[in-house]
Amino acid sequence: MERMTSINVVADAAKGEPLDLGAQTSPDGAVTLVLSDIEGSTELIEEVGERRWAEMLRDHNAIVRGLAQAHDGTVVKSHGDGFMLAFPSAHSALHCAIEVEQAFAAGPPDTASKIRIGAHSGFVLAEAEEFYGRNVVLAARIADRAGGGEILVSAAAKQYTESDPSLRFEHRGDFRLKGLVGEHTVYALLWDAE
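Residues numbered from 1 in each chain as written. Predicted model: local features only at pLDDT ≥ 70, side-chain atom pairs only at ≥ 80, totals over all residues. Heavy atoms only, no water.

**Brief notes about the pattern of salt bridges**
Point 1. Within the structure shown, the criterion is met by 7 salt bridges.
Point 2. Notably, a salt bridge pairs Asp 192 with Arg 168, separated by 3.5 Å at the nearest N-O pair. Highlighted residues: Asp 192 in the segment after β9 (183-190) and Arg 168 in strand β8 (residues 168-176), separated in sequence by 24 residues.
Point 3. Put simply, Asp 37, Arg 116 and Asp 144 are held in one network by salt bridges that share partners. (Salt bridge = Lys/Arg side-chain N within 4 Å of Asp/Glu carboxyl O. Helix = DSSP H or I, 4+ residues; strand = E, 2+ residues; numbered from the N terminus.)

**Quick notes on the sheet that holds strand β2 (residues 74-79)**
Within a sheet, neighbouring strands are paired by backbone hydrogen bonds and run either parallel or antiparallel to one another.
Point 1. The strand order across the open sheet built from 7 strands is β2-β3-β1-β4-β7-β9-β8, with neighbouring strands paired in mixed fashion. Unpaired on one side and paired on the other, β2 and β8 mark the two borders of the sheet. On average, each strand axis in the sheet is tilted by 20° relative to the strand beside it, whichever way the strands run.
Point 2. Those strands touched by helix α5 (residues 134-145) are β1 (31-38), β3 (82-87), β4 (115-122), β7 (150-154), β8 and β9, and its axis lies near 150° from that of β4. (Pairing = 2+ DSSP bridges. Axes fitted to C-alpha atoms, helices over the stretch in contact; angles between N-to-C directions. Contact = heavy atoms within 4.5 Å.)

**Quick word on helix α4 (residues 90-105)**
Point 1. Compared with the 22 Å implied by 1.5 Å per residue over 16 residues, the 23 Å span of α4 between its first and last C-alpha is a close match.
Point 2. Those residues of α4 that sit buried are Ala 90, Ser 92, Ala 93, Leu 94, Cys 96, Ala 97, Ile 98, Val 100, Glu 101, Gln 102 and Phe 104.
Point 3. The residue sitting at the N-terminus of α4 and contributing the capping side-chain oxygen is Ser 89; that oxygen lies 3.2 Å from the backbone nitrogen of His 91. (Expected span 1.5 Å × (residues − 1). Buried < 20%, exposed > 50% of the residue type's maximum accessible area, 1.4 Å probe, protein only. Polar contact = N/O pair within 3.5 Å; in protein donor to acceptor, adjacent residues only side chain to side chain.)

**Re the packing of aromatic side chains**
Point 1. Using the criterion set out here, one finds 0 aromatic pairs in the structure.
Point 2. Positioned above the aromatic ring of Phe 175 is the side chain of Arg 145, whose terminal nitrogen or guanidinium carbon lies 3.9 Å from the ring centre.
Point 3. Directly above the aromatic system of Tyr 187 lies the positively charged group of Lys 158, at a separation of 4.9 Å from the ring centroid. (Phe/Tyr/Trp six-rings, centres within 6.5 Å; stacked < 30°, edge-to-face > 60°. Lys NZ or Arg CZ within 6 Å of the ring centre and 35° of its normal.)

**Overview of the pairing of β7**
Point 1. Burial analysis of β7 places 5 of its 5 residues in the buried class, the great majority of the element.
Point 2. The alternating pattern of β7 places Glu 150, Leu 152 and Ser 154 and Ile 151 and Val 153 on opposite faces, both of which are buried.
Point 3. Taken together, the 4 bridges between β4 and β7 define a ladder with parallel strand orientation. Following the sheet pairing, Ile 117 is matched in β7 by Ile 151.
Point 4. The pairing of β7 with β9 spans 3 bridges and is classified as antiparallel. From the neighbouring strand, Val 153 faces β9, where its bridge partner is Tyr 187.

**Section: the side chain of His 60**
Point 1. The residue His 60 is located in helix α3 (residues 50-70) in this model.
Point 2. The contacts of His 60, once residues within four sequence positions are left out, are Ile 38, Asp 81, Phe 83, Phe 104 and Ile 115.

**Describing the environment of Val 31**
Point 1. Structurally, the position occupied by Val 31 is in strand β1.
Point 2. Residues Val 31 and Ala 93, spaced 62 residues apart in sequence, show a C-alpha to C-alpha distance of 9.6 Å.

**Structural notes on the confidence of the model for the protein chain**
Point 1. Per-residue pLDDT for the protein chain averages 84, and the proportion of residues at 70 or more is 80%.
Point 2. Note that pLDDT drops below 50 for residues 16-27; the model gives that stretch 27 contacts with residues more than four away or on any other chain. (pLDDT = per-residue confidence, 0-100.)

Quick look at the structure:
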């Protein structure tokens, strides 16, 4: 049985919403999807209490939304602490992901939350009532493999950004991902706290 995380809920919720992807696509029509959530959010609620969690969630959501907007991204879906963002530029998407991690790494230790992020670039399908396709699934599966404080990206997202010398990658392996054929190469996008 598949474990339900915020990332799975957001990916599933993206189905059934009418979307105009024109503003979210690169010149070749590709979209870079970034999916994120807070690692161990259920345990964190127990640890800090519901009132403090509500404050943390409000702050988390404002930071993610603000950084997405600052990098020309769009919030496709959000649910609880999970987000699906779409960007017309893989460069913008990955820089946004780094800034999200940096924002939470800089937070006070008593409210530290670790964000899991996955990114993939590709073509998505959007019809009147659906946002779907293999690339949405691939982005969600990559995000689901990430640990707290980690950004994992597909080979396609890495390839779109290889000309950016400020981005550093580390090969994490070739994985079989649930529901997808073959092996998929995954990289960690390395980032510094500053």
